Amino acid sequence: MINRVLIRIKVVQMLYSYLLTRNEFKIEPAPGPDATRDATFAYRLYLDLIMLVMELSGQRVGTHRPAMQAAIAANRFLSTSPLARAIGLDEQIRVAINPAASDIAVFDSALASIFDTITRSDDYLTHSRKRDRSLSSDMDFWAWALDKVISRDNAFIDAARSLPDFTMSGFNRAFSMFARTIHSYTDNSEMRVEAEHNLKLSLDKAYDLYNGLFNLAIQLTDLQARRLDAAKHKYMPTDADLHPDTRFIDNKLIAALEANKELADYGKDHDIDWSDDDTTLRLILNSILESDTYKAYMAEPGSSWERDCELWRELFRKVILPGDALAEALESKSVYWNDDLDIMGTFVTKTLKQFAASRKDGADVHLLPQYKDDEDAEFGNRLFNEAVNHREEYRGLIDRFINPEQWDTDRLAFMDIVVMMAAIAELRKFPSIPVPVTLNEYIEIANSYSTPRSGQFVNGVLFSVINYLKAEGMLDKPITNPRK
């Protein structure tokens, strides 16, 4: 139900926020050819320390040690280290560390003693009992482990001394370098984890809105029922008050939604209730009662399932979704919902049309699932991570095809760059998506979320990138009908 159009928009929004605010991460630079013996050894040991922490967290690096791997895997604290997992996912670190050319195997003899010392320590017990294990707290733990355990472990020191060009100054410098890496990495990793979390949250909230709009119809009907009941019991009720036309509150669609267990269960676990917003309910109901759609429905001689569904489809299309009352209420309920309203509103009206066409009296109605399939459910996170992991490569492709006589690269709208990075990630990493689909979708996003000239600019650059990737054998799918 949450289609790829919305997912792409969410990915671009989160990617923009993340790339705009992230601190640039850089691992320690490799020493030059004229570097001192201390500097050369320090960098060599520094990369080994990165791999050692990954080994101690259950990630396979270098040679396979089944006994140690089994012991680490059984330790939930070490094997779920947020820091080690984040380091292992970082493309720059993965390029820098080369297990085949490293000395990590030299430290095999030290792994058992380091593991034993860490897991028997009071500091380990303190950290392992924390309920909220953030990346920041994990950074503190590994900084302690490096300083108090690994750097002092006799087996590790002996192994380091056996390496060529060992110096004590280089040994100490390597630990300082890794400590800096941990601290510099934390900022970026926490922001990336937060961006991924917000991406998932925004998509979940979109589905909340879809369910919430059906719940809104139920509560608007309930409010009208309460109004009619109150009119019956007022002082000196009229004949119309005592014998109201109940066609609106007896709507068959609303009855089916009220009986829908899926909608009820979803409402129990998610904030899709409108009962605490009486002002919004009254304003929307008043606009419904004053609308031509409502008056035409009430003037008809009878009703049917199809007509009852059509009433609410028309009310959403012509009264509720375009109205100011709903838009203002959404601002206070979720920061995501105003951006989602057009797409989720479209899915609500499509669902109502399907109800009218397919349901027979007495049959259940079913809302659309959050995602069509597992592939769609994973699409957003995959796309975001592909764009982040290859951001430098994709930015290089973009810069390659920007004509400096037409566009000042330093003054380009950053949103345009982000849109194209996401588009290139999709072109490169999702072979089942046709090129024209990708191109058209991101041109539309640029037109909607960036500058008036963005669609034209994005179209031109992406067209050149597509042709280049195809010529280089880096795009294994046909190019048909691109906008050019």
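This one's a predicted model, so the numbers in the text were calculated from it and none came from an experiment.

### Looking at the overall build of the protein
- What the protein contains, in helices and strands, is 24 helices and zero strands.
- Here the C-alpha atoms of the protein give a radius of gyration of 30 Å, more than 25% beyond the 23 Å that 2.2 N^0.38 yields for 484 residues.
- Counting only C-alpha atoms, the protein reaches 100 × 60 × 35 Å along its principal axes.
- Within the protein, the fraction of its 484 residues that count as buried is 49%.
- When contacts within the protein are restricted to residue pairs at least 6 apart in sequence, those whose partners lie at least 24 apart make up 81%.
- When the accessible surface of the protein is totalled, it reaches about 23,600 Å², and 49% of it is carbon and sulfur.
- The protein carries 57 positive and 74 negative side-chain charges, and their two centres are separated by 2 Å.

### Details of the environment of Thr246
- With respect to the element layout, Thr246 can be found in the loop between helix H12 (239-242) and helix H13 (252-258).
- Each C-alpha atom of the pair Thr246 and Asn389 lies 59 Å from the other, and the pair is 143 residues apart in sequence.

### Here we look at helix H7 (residues 108-120)
- Within H7, burial applies to Ala110, Leu111, Ile114, Phe115, Ile118 and Thr119. Buried residues along H7 cover an arc of 150 degrees about the axis, so they all sit on one side. Along H7, the residues that are exposed and aim more than 90 degrees away from the buried face are Ser109 and Arg120.

### Some points on the nonpolar core
- Ranked by internal contacts, the top residues of the largest apolar core, which has 104 residues, are Leu257, Ile288, Trp312, Ile320 and Phe355.
- Residue contributions to this core peak at 15 residues, all from helix H11 (residues 168-232).
- Dropping the residues within four chain positions of it, Phe355 is found in contact with Phe214, Leu253, Leu257, Trp305, Cys309, Val365, His366 and Leu367.
- One finds Tyr46, Met68, Ile93 and Ile118 within the second-largest nonpolar core, a separate group that totals 51 residues.

### What about the pattern of salt bridges?
- Throughout the structure, instances matching the rule amount to 24 salt bridges.
- Ionic pairing is found between Asp340 and Lys10, a salt bridge with its closest N-O pair at 2.6 Å. Highlighted residues: Asp340 in helix H19 (residues 337-358) and Lys10 in helix H1 (residues 4-21), separated in sequence by 330 residues.
- When salt bridges with common partners are traced through the structure, they connect Glu310, Arg313, Glu314, Arg317 and Lys318 into a single cluster.

### Considering the side chain of Ser151
- Tracing the sequence through the fold places Ser151 in the loop between helix H9 (135-149) and helix H10 (154-161).
- Here Asp147 takes part through its backbone oxygen, which lies 2.7 Å from a polar atom of the side chain of Ser151.
- With near-sequence residues (within four places) excluded, Ser151 lies in contact with Leu146, Ile157, Phe171 and Phe175.

Definitions and limits used
- Residues numbered from 1 in each chain as written.
- Predicted model: local features only at pLDDT ≥ 70, side-chain atom pairs only at ≥ 80, totals over all residues.
- Heavy atoms only, no water.
- Helix = DSSP H or I, 4+ residues; strand = E, 2+ residues; numbered from the N terminus.
- Rg over C-alpha atoms; globule rule 2.2 N^0.38 Å.
- Buried < 20%, exposed > 50% of the residue type's maximum accessible area, 1.4 Å probe, protein only.
- Contact = heavy atoms within 4.5 Å.
- Areas by Shrake-Rupley, 256 points an atom, 1.4 Å probe, with all protein chains shown as cover.
- Lys, Arg positive; Asp, Glu negative; His and termini not counted.
- Charge placed at Lys NZ, Arg CZ, Asp CG, Glu CD.
- Arc of directions from axis to C-beta.
- Core = buried A, V, L, I, M, F, W, Y, C linked by side-chain atoms within 4.5 Å.
- Salt bridge = Lys/Arg side-chain N within 4 Å of Asp/Glu carboxyl O.
- Polar contact = N/O pair within 3.5 Å; in protein donor to acceptor, adjacent residues only side chain to side chain.

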